[in-house]
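Chain residues, written in single-letter form:
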Amino acid sequence: TPQSMSNLPKAADEETIKANESLRQHQKKQETKLVAQESGEKLALNTGYTRKATVYLKQNTNCEINVDKPCTKVMIESCNGCTIRLNAAINTEVVEFWNCENTTLEIKTKVKTLQADLCKNVTVEFAEKSYFSQIIWAGMENYTILIGSDKLETGIETIDREEVPDFKERFDQFIIRYVKGKLLQELVVRLKNGFPTTEREAAAFDEQKEKNDRLYEAHVRKMLSSGVAGIGEKLEKLNKTEVKKVGRNDACTCGSGKKYKKCCEGKSILETEEAKKQIAEAKEAIEAADAEEKKKTDEIQKLANEVTKKQIAEAKEAIEAADAEEKKKTDEIQKLANEEAKKQIA
């Protein structure tokens, strides 16, 4: 029998309450196909709902359930000892799967995101690699993932506490995706702005940001070498120092005592207030120089256009004069020819 609400862990209890409230709000707006509290049944869901419906499987025990008709979304809660097969298209390509035990989920359709939380002894099997995009999970135990011929066994018991020293078993999330052809599991971290990412992606972002800073510096130095007045004096004030590369969990180099990821991560060496001010002044000088250069270019172009117009007018006049002279000669020749013809006739 399914666990009663009172016996669930606190985190699971809160998660269920939240999910139930979300479902109630969802039901007000959208059709739902609910299969709840079935035991020992073999069910084929192919009637009784439209493709706009959310299929919601809740507190079923030792059942075999086949979802054979297209739907909008699939939600699976507190199903124990079940085999669930998703055989038809899911419009949003989203499946949510939580508080289940000893259950197998077989996926035979495209699923972009599978969200799995607080389950134990479950297996998720994608019949083909093309059906898989990503899995996000938290609080899973003995979690087996099969994707075509690839297999990954994971769960909170597999997490290295040295690599994730402040690991929160029921709340920290992991994302599983193919990266460069390899099935990769990564801890989801959040930047200061709340944006979810991974250590690898955060490092790649920082590297790209540093590259952009170097490119911008190269541009400014190029402007310096061009001799644009005023820029050199402003940028000479900017004394940059080399920043030692540190890990995200290391102590921050600024001396705050905080971890680097919670302090200065993502900040450029050009991001001090003084540097920002001097860079802004340099940008203004560059823009002023560019504007002056454009003004000169426009004036030269204007003069060139005026000269060209004059030359075209003169050439047109010369052509018209030549045409008039040619016509005059032609008329005279025609006149002589006509007179000669008249004489011959006479």
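(A) Here's a closer look at a negative patch on the surface. Together, E314, E317, E320, D323, E325, E326 and E332 make up a region of like negative charge exposed at the surface. With respect to the secondary-structure elements, E314 resides in helix α4 (residues 273-345).

(B) How the structure looks around the pattern of salt bridges. Scanning all chains against the criterion turns up 8 salt bridges. A salt bridge links R85 to E64; its shortest N-O distance comes to 3.0 Å. Of the two residues, R85 is situated in strand β6 (residues 83-86) and E64 in strand β4 (residues 64-67); the sequence distance between them amounts to 21 residues. Looking at R85, the relative accessible area reads 18%, which means it is buried.

(C) Fine view of the environment of L57. Structurally, L57 is set in strand β3 (residues 54-58). Sequence separation between L57 and E77 is 20 residues, and the spatial gap between their C-alpha atoms is 6.2 Å. L57 has contacts with V35, L45, I65, M75, I76, E77, C79 and I84, leaving out every residue within four places of it along the chain.

(D) Inspection of the confidence of the model for the protein chain at higher detail. Across the protein chain, the average pLDDT comes to 81, with 81% of residues at or above 70. Confidence drops under a pLDDT of 50 for residues 1-6, and excluding neighbours within four residues, the segment shows 11 contacts in the predicted structure.

(E) Structural view of the sheet that holds strand β13 (residues 150-154). Across the sheet, 7 strands lie side by side as β2-β4-β6-β8-β10-β12-β13; this open sheet has mixed pairing. The strands lining the two open edges of the sheet, one partner per strand, are β2 (42-45) and β13. When the angles between neighbouring strand axes are averaged without regard to direction, this sheet yields 10 degrees. Pairing between strand β10 (residues 120-126) and strand β12 (residues 141-147): 6 bridges, direction parallel. Note that in β12 the partner of E125 across the bridge is L146.

(F) Structural context of the sheet that holds strand β9 (residues 111-117). Ordered by their spatial adjacency, 9 strands build an open sheet running β1-β3-β5-β7-β9-β11-β14-β15-β16, and the pairing between neighbours is mixed. If you trace the sheet from one side to the other, it starts and ends with β1 (32-36) and β16 (196-198), each paired once. Between one strand and the next, the sheet's axes are offset by a mean angle of 20 degrees, whatever the strand orientation.

What counts and what doesn't
- Residues numbered from 1 in each chain as written.
- Predicted model: local features only at pLDDT ≥ 70, side-chain atom pairs only at ≥ 80, totals over all residues.
- Heavy atoms only, no water.
- Patch = residues over 30% accessible without salt bridge, like charges linked within 9 Å, V, L, I, M, F, W, Y side chains within 5 Å.
- Areas by Shrake-Rupley, 256 points an atom, 1.4 Å probe, with all protein chains shown as cover.
- Salt bridge = Lys/Arg side-chain N within 4 Å of Asp/Glu carboxyl O.
- Lys, Arg positive; Asp, Glu negative; His and termini not counted.
- Charge placed at Lys NZ, Arg CZ, Asp CG, Glu CD.
- Helix = DSSP H or I, 4+ residues; strand = E, 2+ residues; numbered from the N terminus.
- Buried < 20%, exposed > 50% of the residue type's maximum accessible area, 1.4 Å probe, protein only.
- Contact = heavy atoms within 4.5 Å.
- pLDDT = per-residue confidence, 0-100.
- Pairing = 2+ DSSP bridges.
- Axes fitted to C-alpha atoms, helices over the stretch in contact; angles between N-to-C directions.

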